[in-house]
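Chain by chain, the residues:
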Amino acid sequence: MTLVVMFGPPGAGKGTQAKILAEGTGYLHVSTGDILREAVAAETEFGLLAKEYMSRGELVPDNIVNGTVKEKLKTEAEASGLIFDGFPRNCDQAVEFDKMLAATGIKIDMVINIDVETSLLLRRLTGRRVCRTCQTTYHVDNLAGKEKCVCGGDLVQRRDDNAEVIEQRLKVYVEQTEPLIKYYTGKGLLKNIDGNGSVGNIASAIKELIG
Ligand code: AMP
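As the structure is a computational prediction, the values presented were derived from the model and not from experiment. Going along each chain's sequence as written, the residues are numbered from 1 onward. The model is predicted, so local features are restricted to residues of pLDDT at least 70 and side-chain atom pairs to those at 80 or more, both for listing and for counting; the totals for chains, interfaces and linings are taken over all residues. As a rule here, side-chain values cover all heavy atoms of the structure and leave hydrogens and water aside.

(A) Representation of the pairing of strand 3 (residues 81-85) within the structure. The buried fraction of strand 3 is high, at five of five residues. What makes two strands pair is DSSP finding at least two bridges between them. Under the DSSP-based scheme used, a helix requires at least four consecutive residues in state H or I and a strand at least two consecutive residues in state E, with every element numbered from the N terminus. In the sheet, strand 1 (residues 2-7) pairs with strand 3 via five bridges, with the strands oriented parallel. Bridged to Val4 within strand 3 is Ile83. Under the scheme applied here, a residue whose accessible area is under 20% of the maximum for its type counts as buried, over 50% as exposed, and between as partly exposed, the area being computed with a 1.4 Å probe on protein chains only.

Have a look at this one:
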């Protein structure tokens, strides 16, 4: 099985790129953010707990997230590839991930670090709109007045895409997530991609990396 980790700050385009890569390769896109948002919408016990942290822009406790990832590795053991988006997000999760993978015999092939300037991250996050039905993301600048997704679903703003929470999410990224760059560089797994360009150009660069 091929295992790719899509890495980068909020607004880097991890989800968009993971989706494009999944479509091109047949690998499964595993977004812990999407899994958590589904749990929040379904009002499950862990969804209700996660909601508190997510609405503040903080990380949901490791035991909750690690549990969902462990479950995914079990249920998707037959997949040709997995693309993790939004996990791991701190050092403890990365160490736990390594343990889970060692137990299943799967190895991380590549960690793709999508590097984007902070001013651009802010523009992307504040202008982001998401389809309520299929989770496709758009930016208000490219909508030209359209109010619906190509699938017909309503476009909404994520609850955590407001200035105050964005600031907190970026802070959490710098303090807790960014140190993983060193962790994966040390393992020889990190590949840097310039994420300041267009979606298409970034997707082509990633495709080239994957080969
Ligand atoms: P994302 O969709 O990846 O931007 O994630 C949205 C929110 O879900 C984050 O701000 C966190 O509150 C939570 N979340 C997603 N992935 C993780 C993770 N690996 N660990 C902890 N919290 C997470």
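On we go from here.
(B) Looking closely at the sheet that holds strand 2 (residues 28-31). Taken in spatial order, the five strands of this open sheet run 2-3-1-4-8, and their pairing is parallel. Only two strands of the sheet have a single partner each, and these edge strands are strand 2 and strand 8 (190-194). Along the sheet, successive strands turn relative to each other by an average axial angle of 25 degrees, direction set aside. Lying over the sheet, helix 2 (residues 32-42) contacts strand 2 and strand 3, oriented at roughly 65 degrees with respect to strand 2. Helix axes use the C-alpha atoms of the stretch in contact, all axes being lines fitted to C-alpha atoms, and the angles between their N-to-C directions lie in the range 0 to 180 degrees. Throughout, a residue-residue contact means that at least one pair of heavy atoms, one from each residue, lies within 4.5 Å.

(C) Quick look at the packing of helix 4 (residues 62-75) against helix 5 (residues 91-104). One way to put it is that helix 4 packs onto helix 5 with a least axis distance of 11 Å and a crossing angle of 25 degrees. With respect to their mutual orientation, helix 4 and helix 5 come out roughly parallel. Two packed elements cross with a definite hand, and for helix 4 against helix 5 that hand is right-handed. For the pair helix 4 and helix 5, contact is made by Asp62, Val65, Asn66, Val69, Lys70 and Leu73 and by Asp92, Gln93, Glu96, Phe97, Met100 and Leu101, respectively. Classification convention: Asp, Glu, Lys, Arg as charged; Ala, Val, Leu, Ile, Met, Phe, Trp, Tyr, Cys, Pro as nonpolar; all other residues, Gly among them, as polar. For the contact of helix 4 with helix 5, the class distribution of residues is six nonpolar, two polar and four charged. Each angle gets one of four labels, with under 35 degrees taken as roughly parallel, over 145 as roughly antiparallel, 65 to 115 as roughly perpendicular, and the rest as oblique. The handedness criterion is simple: a crossing whose near helix is rotated anticlockwise from the far helix by less than a right angle is left-handed, and one whose near helix is rotated clockwise is right-handed.

(D) Highlighting the site of the ligand. What makes a residue near a molecule or strand is one non-hydrogen atom of that residue sitting within 4 Å of it. The full set close to the ligand counts 16 residues, and Thr32, Arg37, Glu58, Gly86 and Gln93 are the nearest of them. Polar contacts, as used here, are pairs of N or O atoms within 3.5 Å; protein pairs need one atom able to donate a hydrogen and one able to accept it. Residues neighboring in sequence count only if both atoms are side-chain atoms. Val60 is positioned with one of its backbone polar atoms (N or O) 3.0 Å from a nitrogen atom of the ligand. Within the side chain of Arg89, one N or O atom sits 2.9 Å away from an oxygen atom of the ligand. The fraction of the free accessible surface of the ligand (480 Å²) that becomes covered by protein chains is 96%. Among the elements that line the shell around the ligand, the one with the most residues is helix 2, at four residues. Throughout, the Shrake-Rupley method with a 1.4 Å probe supplies accessible areas, and for residues the shown protein chains are the sole cover considered.

(E) The arrangement of a negative patch on the surface in detail. Together, Asp115, Glu117, Glu178 and Asp194 make up a region of like negative charge exposed at the surface. Judged by relative accessible area, which is 35%, Glu178 ranks as partly exposed. Residues qualify for a patch when their relative accessible area is over 30% and they have no salt bridge, like charges being joined within 9 Å and the nonpolar side chains of Val, Leu, Ile, Met, Phe, Trp and Tyr within 5 Å. What makes a salt bridge here is a side-chain nitrogen of Lys or Arg within 4 Å of a carboxyl oxygen of Asp or Glu, nothing more. All tallies of charge rest on Lys and Arg as positive and Asp and Glu as negative; His and the ends of each chain are not included. In plain terms, the charge of a residue is placed at NZ if it is Lys, CZ if Arg, CG if Asp and CD if Glu.

(F) Fine view of the sheet that holds strand 6 (residues 137-139). Here we have three strands laid out as an open sheet, ordered 6-5-7, and antiparallel in their pairing. Of all strands in the sheet, those bounded by a partner on one side alone are strand 6 and strand 7 (155-156). Two strands pair when backbone bridges link them, and strand 5 (residues 128-131) and strand 7 are joined in this way by two bridges, in the antiparallel orientation. Bridge pairing in strand 7 links Val130 to Val156.

(G) Spotlight on the environment of Thr126. The topology assignment puts Thr126 in helix 6 (residues 118-126). Distance in space between the C-alpha atoms of Thr126 and Val140 is 9.1 Å, their sequence separation being 14 residues. Those residues in contact with Thr126 that sit more than four places away from it in its chain are Gln157, Asp161 and Ile166.

(H) Quick peek at helix 3 (residues 45-56). All buried positions along helix 3 are accounted for by Gly47, Ala50 and Met54. Down the axis of helix 3, the buried side of the element spans an arc of 65 degrees, and every buried residue falls inside it. Structurally, helix 3 contributes buried residues whose contacts are with helix 2 and helix 7 (163-177). Count one or two residues on from helix 3 and you reach Gly57, which has phi positive near 80 degrees. For this quantity, the arc is that covered by the directions from the helix axis to the C-beta atoms.

(I) Spotlight on helix 2. Of all the positions in helix 2, only Thr32, Gly33, Ile35, Leu36, Ala39 and Val40 are classed as buried. Taken around the axis of helix 2, the buried residues stretch over an arc of 165 degrees, which confines them to a single face. Exposed residues pointing more than 90 degrees away from the buried face of helix 2 are listed as Glu38, Ala41 and Ala42. The secondary structure elements touched by the buried residues of helix 2 are strand 2, helix 3, helix 4 and strand 3. Immediately downstream of helix 2, the backbone of Glu43 shows phi near 55 degrees, a positive value.

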